[in-house]
Amino acid sequence: MRLSRIAESIRPSSTLSISARAQALKSEGVDVINFAAGEPDFDTPDNIKQAAVEAIESNFTRYTRYEGISELRQAVADYLKVHNNVDYTAEGIVISNGSKQAVKNALAALIDPEDEVIIPAPYWNSYIDIVKMLYGVPVVINTRVQDSFKLTAAALEKAITPKTRVLILNTPNNPTGMVYSRQELEAICEVLKGKDIFVISDELYSTLIYSRKLKHTSIASLGEEIKEKTVVVGGLSKSYAMTGWRVGYTACGEELAKAIGAIQSHSTSNVNSIAQKAAFEALTGPQDAVEAMLHDFEHRRDYIAQRISDIPMISSLLPKGAFYLFVDVSKLLGKEVIGNMMNTSEDIAKILMDRYRVAVVPSDVFGISGFIRISFAASMRDIVEGVNRIESFVKDNY
Ligand code: GLU
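What counts and what doesn't
Residues numbered from 1 in each chain as written. Predicted model: local features only at pLDDT ≥ 70, side-chain atom pairs only at ≥ 80, totals over all residues. Heavy atoms only, no water. Salt bridge = Lys/Arg side-chain N within 4 Å of Asp/Glu carboxyl O. Helix = DSSP H or I, 4+ residues; strand = E, 2+ residues; numbered from the N terminus. Buried < 20%, exposed > 50% of the residue type's maximum accessible area, 1.4 Å probe, protein only. Pairing = 2+ DSSP bridges. Contact = heavy atoms within 4.5 Å. Axes fitted to C-alpha atoms, helices over the stretch in contact; angles between N-to-C directions. Near = heavy atom within 4 Å. Polar contact = N/O pair within 3.5 Å; in protein donor to acceptor, adjacent residues only side chain to side chain. Nonpolar A, V, L, I, M, F, W, Y, C, P; charged D, E, K, R; others polar.

J.: Now, about the pattern of salt bridges: what can you tell me, with residues and values included?
T.: A full pass over the atoms with the stated rule returns 19 salt bridges. With a closest N to O distance of 2.7 Å, Lys 350 and Asp 354 form a salt bridge. In this pair, Lys 350 and Asp 354 both sit in helix H13 (residues 345–356), 4 residues apart, roughly one turn of the helix. The class of Lys 350 is exposed, set by a relative accessible area of 53%. By relative accessible area, which is 30% here, Asp 354 ends up partly exposed. Beyond isolated ion pairs, a larger network of salt bridges with shared partners links Arg 21, Lys 350 and Asp 354.

In structure tokens, the structure reads:
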């Protein structure tokens, strides 16, 4: 069969497929600990579910405007005013099917074939494939562990060419858990000043920050010029435990938002009407469930970070946000373990899955070798058991 060039070059999302494999094994009765899923284990809070039930019962079941219902667009604008200190009009907000579609919409509105998109690595795996699906050229900048895996102004400056059209920033970062400070973002802004380069700022994890001293800063809050050139991407999946509802958004100037809306009108039209009502309740209703989840995530982070740092030969920076621990396993490479050569982090992830029944994501899919990503958005029971198994893997074989 002849497939398109794109279909030939795209592989399914590894984060989704590794997690799906773990779930499939679980449903067959295999005792797998799933550290692969970037998904809160909490249930969607009751008030949000209730709003969806009410939407169904009142027959709110037809098409909505393709950019989203007005009250939800306004609620997102209000939310961003409070959390990011940036003013958007409701017309600048487009509600999308998860933040993944938001990223794709924004890129589709901004890049032409052959345009370059700068992506700092480690990156969330889907960015690369989305850029390729739009015939853009991903330009990867490798960040350094000594810079806490953050893009520096100097590295950005070097990567810019006349073809650069977009920079993708992600703070808090998936997979590293690192968070950009205001000063770091200011330095990046300085490089972009006067240039015709847009920023897609993926801030999906902005409510999940654990350090008292660090606050989430949106690059769009650093002045009018950068605000005009930034598309903020956000969503409700992670902070409100709503991954399956598929509600994300873009926030930007009205002209660009119009283009983003038009693009979405030809792909998925509006986000599910019921999910939109639920999202409105999430943003405008009581926020105590969000606080409680954040508190639990912090407790889990502290526990897992300590346990991992106690295991010889592996290490991790302490994540400041999101819910991932990015663990350096490079010292485990180059050795044969249970008849298998450990050459890459994929080999480590495979043996952890096959022999120790722990699902993790190998870092090659995030554009760097020698690490594994562990999601701590899992129950405390699973975290304790999963880390015990990783510890056994290292202690049994090294
Ligand atoms: N964003 C989550 C992750 O990185 C969910 C899966 C996905 O969409 O990639 O695991």
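J.: So what's going on with the sheet that holds strand S10 (residues 324–328)? Residues and values would help.
T.: Across the sheet, 4 strands lie side by side as S9-S10-S15-S14; this open sheet has antiparallel pairing. A strand with exactly one partner marks an edge of an open sheet, and here the two such strands are strand S9 (315–316) and strand S14 (361–362). As defined by bridge partners, S10 adjoins strand S15 (residues 371–375) across 5 bridges and the pair is classed as antiparallel. Each residue of the ladder has a partner; that of Val 327, found in S15, is Ile 372. Contacts from helix H12 (residues 288–310) reach S10 and S15 within the one sheet, and its direction differs from that of S10 by about 10°.

J.: I'd like to hear about the site of the ligand, residue by residue, with values.
T.: Around the ligand, the neighbouring residues are Ser 13, Thr 15, Leu 16, Gly 38, Lys 100, Trp 124, Asn 174, Tyr 205, Lys 238, Tyr 324 and Arg 373. In the model, an oxygen atom of the ligand is placed 2.6 Å from a nitrogen or oxygen of the Thr 15 side chain. Residue composition of the shell around the ligand, by class: 4 nonpolar, 4 polar and 3 charged.

J.: Account for the environment of Pro 175, naming residues and giving values.
T.: With respect to the element layout, Pro 175 can be found in the loop between strand S5 (164–170) and helix H8 (182–192). With 53 residues separating them in the primary sequence, Pro 175 and Pro 122 have C-alpha atoms 6.8 Å apart. Once residues lying within four places of it in the same chain are set aside, the contact partners of Pro 175 are Pro 122, Tyr 123, Trp 124, Tyr 324, Phe 326, Phe 366 and Arg 373.

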